[in-house]
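Observations on chain architecture
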Amino acid sequence: MADYSTRDLKSYRTVSDLRTQYVCEYRLFLKKQVGDSPTEAAARGSQLHADVEVTPTAGIRPSLPVLLFILMLTLIAAIMWILG
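Residues numbered from 1 in each chain as written. Predicted model: local features only at pLDDT ≥ 70, side-chain atom pairs only at ≥ 80, totals over all residues. Heavy atoms only, no water.

Across its full length, the protein holds four helices and zero strands. The N-to-C order of helical and strand elements in the protein reads α-α-α-α. Split into buried and exposed, the 84 residues of the protein put 4% on the buried side. (Helix = DSSP H or I, 4+ residues; strand = E, 2+ residues; numbered from the N terminus. Buried < 20%, exposed > 50% of the residue type's maximum accessible area, 1.4 Å probe, protein only.)

Shown next as structure tokens:
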């Protein structure tokens, strides 16, 4: 394995930096100048997202008769469309 202990890791960019650079060069510049401290708006947005977070539930599965009805209806519509 490579020994990274002797390297200056501050000269490297993180994946987050590269993503930010792709989005906006000025945003990356400001992040380097000011730092990466969240603003009040960002903190409020994170809080709102946390408040409305919903855990997924199992979806409703249609019964076999309903699926057969939909299949039959689709076949009838296809035959009528083909025959004109």
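Now, onward.
Between its terminal C-alpha atoms helix α4 (residues 64-83) stretches 29 Å, which fits the 28 Å expected from 20 residues at 1.5 Å a residue. Positive phi shows up at Gly84, right after α4, with a value of about 85°. (Expected span 1.5 Å × (residues − 1).)

The next point concerns a nonpolar patch on the surface. Together, Leu64, Leu67, Leu68, Leu71, Met72, Leu75, Ile76 and Met80 line one region of the surface with nonpolar side chains, adding up to about 810 Å² of accessible area. When you line up the elements, Leu71 lands in helix α4. The partly exposed category is assigned to Leu71, whose relative accessible area is 47%. (Patch = residues over 30% accessible without salt bridge, like charges linked within 9 Å, V, L, I, M, F, W, Y side chains within 5 Å. Areas by Shrake-Rupley, 256 points an atom, 1.4 Å probe, with all protein chains shown as cover. Salt bridge = Lys/Arg side-chain N within 4 Å of Asp/Glu carboxyl O.)

On to the confidence of the model for the protein, then. Per-residue pLDDT for the protein has a mean of 77; in total, 69% of the residues score no lower than 70. By mean pLDDT, helix α1 (residues 15-23) is the weakest element of the protein at 66, and α4 is the strongest at 93. (pLDDT = per-residue confidence, 0-100.)

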